[in-house]
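Observations on the three-dimensional arrangement
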Amino acid sequence: MKAGITTLATTGVLLGGTVAVAPNADASALTIGQRALDVAQSKHGDPYRWGATGPNAFDCSGLTYYAFRHVGRSLPRTAQAQYNRVRHISYAQLRPGDLIFFHYGSYVYHVGIYAGHWEIWHAPHSGSYVKLERIWTRSVWFGRVS
């Protein structure tokens, strides 16, 4: 079921309860970010653990580190270092698979992978787990891994 939702989100549209899939939509056509988004989504329900980078527990930057590593891209370990490394983009350029960086002033304190519709996959905090959640603030910056 999870894979079907991701495929729908990245390759098709829902029309009156039927899925219309784009022609020639396959895994090779997905961007690096979309592939990393699929990896993050596959970790749904795995517990948050401070400093963890998987495969069965994550903190926020550990999840992004893990997801992009599994699609062949290297990111630094922390949210701030990841922000410093990626290509910064505008809201108008934002697409699923990009990184969302939460900040207070110039300090980046959290990161997640954009899923579309102002939602992210992330590992939010102790006592929680990897999940899809609505972005709760406008104090965010956007980045793309290439």
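Our subject is the structure that appears above.
Let me begin by describing the structure that accompanies this report. For clarity, every value in this text was computed on a predicted model and none was experimentally measured. (Residues numbered from 1 in each chain as written. Predicted model: local features only at pLDDT ≥ 70, side-chain atom pairs only at ≥ 80, totals over all residues. Heavy atoms only, no water.)

**What about the pattern of salt bridges?**
Counted according to the given criterion, the structure contains four salt bridges. Here R144 and D98 are joined by a salt bridge, their closest N and O atoms 2.8 Å apart. Of this pair, R144 sits in strand β8 (residues 140-144) while D98 sits in the loop between β3 (87-89) and β4 (99-104), and the two are 46 residues apart along the sequence. Each member of the pair R144 and D98 is classed as buried. For E133, the salt bridge identified is with K131, shortest N-O distance 3.8 Å. Given the relative accessible area of 27%, E133 is considered partly exposed. Looking at K131, the relative accessible area reads 17%, which means it is buried. (Salt bridge = Lys/Arg side-chain N within 4 Å of Asp/Glu carboxyl O. Helix = DSSP H or I, 4+ residues; strand = E, 2+ residues; numbered from the N terminus. Buried < 20%, exposed > 50% of the residue type's maximum accessible area, 1.4 Å probe, protein only.)

Structural measurements only, silent on function.
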